[in-house]
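Coordinates in review
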Amino acid sequence: MMETIQSYFDVLIRERSWSWSIVGIIYLVLGYLIRGWFLKPLANAAKTLAPKQYQEIKRAYLRRSLVGWITFLIPLAILGVFWTQTDLFPISGKEAISLIAALAFFILSVMFHLGSFAHAGIDTLRHFTPEK
């Protein structure tokens, strides 16, 4: 089993001109999983509200989440460029900085999504709560 995985990994390393898409798919899957770990509890809590309130929270979140999606896709571009370099290892200082920037953008993406969801909840609360 390990030999099979190792042979696939070797092909991915040798054929980097097309295998960047595999790396991108892995990033997207892992990124959605990690993002889901943070957002799923909030979404589940929002689903316990009245359906009209939950729909309003979803609508408000989707309106506000564009920056989160942009910062989610920036690391994908950075990883794609990094992966197609002729010499993958050793990593130069410039490449290390770009990988650190990709990680920072991913963390910012999760933070922006959480902020968007929080603002959506506050907006919905403000909308459904009568003013004094």
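Whatever comes next refers back to the structure up there.
Now for a description of the structure that goes with this document. (Residues numbered from 1 in each chain as written. Predicted model: local features only at pLDDT ≥ 70, side-chain atom pairs only at ≥ 80, totals over all residues. Heavy atoms only, no water.)

Another aspect to go through is the pattern of salt bridges. With the rule as written, the count across this model stands at three salt bridges. A salt bridge links Arg126 to Asp123; the nearest nitrogen and oxygen atoms lie 3.5 Å apart. Of the two residues, Arg126 and Asp123 are both situated in helix H5 (residues 93-128); the distance of three residues between them amounts to about one turn of the helix. With relative accessibility at 25%, the residue Asp123 sits in the partly exposed group. Via salt bridges that share partners, Arg64, Asp123 and Arg126 belong to a single interconnected network. (Salt bridge = Lys/Arg side-chain N within 4 Å of Asp/Glu carboxyl O. Helix = DSSP H or I, 4+ residues; strand = E, 2+ residues; numbered from the N terminus. Buried < 20%, exposed > 50% of the residue type's maximum accessible area, 1.4 Å probe, protein only.)

This next bit is on the packing of helix H2 (residues 16-47) against helix H3 (residues 51-64). Running from N to C, H2 and H3 point in directions that differ by 145°, and their axes come no closer than 9 Å. As H2 runs across H3, the sense of the crossing is right-handed. Counting all contacts with H2, which are made through Arg35, Leu39, Ala43, Ala46 and Lys47, the residues of H3 involved are Tyr54, Ile57 and Tyr61. Residue composition of the contact of H2 with H3, by class: six nonpolar, no polar and two charged. (Axes fitted to C-alpha atoms, helices over the stretch in contact; angles between N-to-C directions. Left-handed = near helix turned anticlockwise from the far one by under 90°. Contact = heavy atoms within 4.5 Å. Nonpolar A, V, L, I, M, F, W, Y, C, P; charged D, E, K, R; others polar.)

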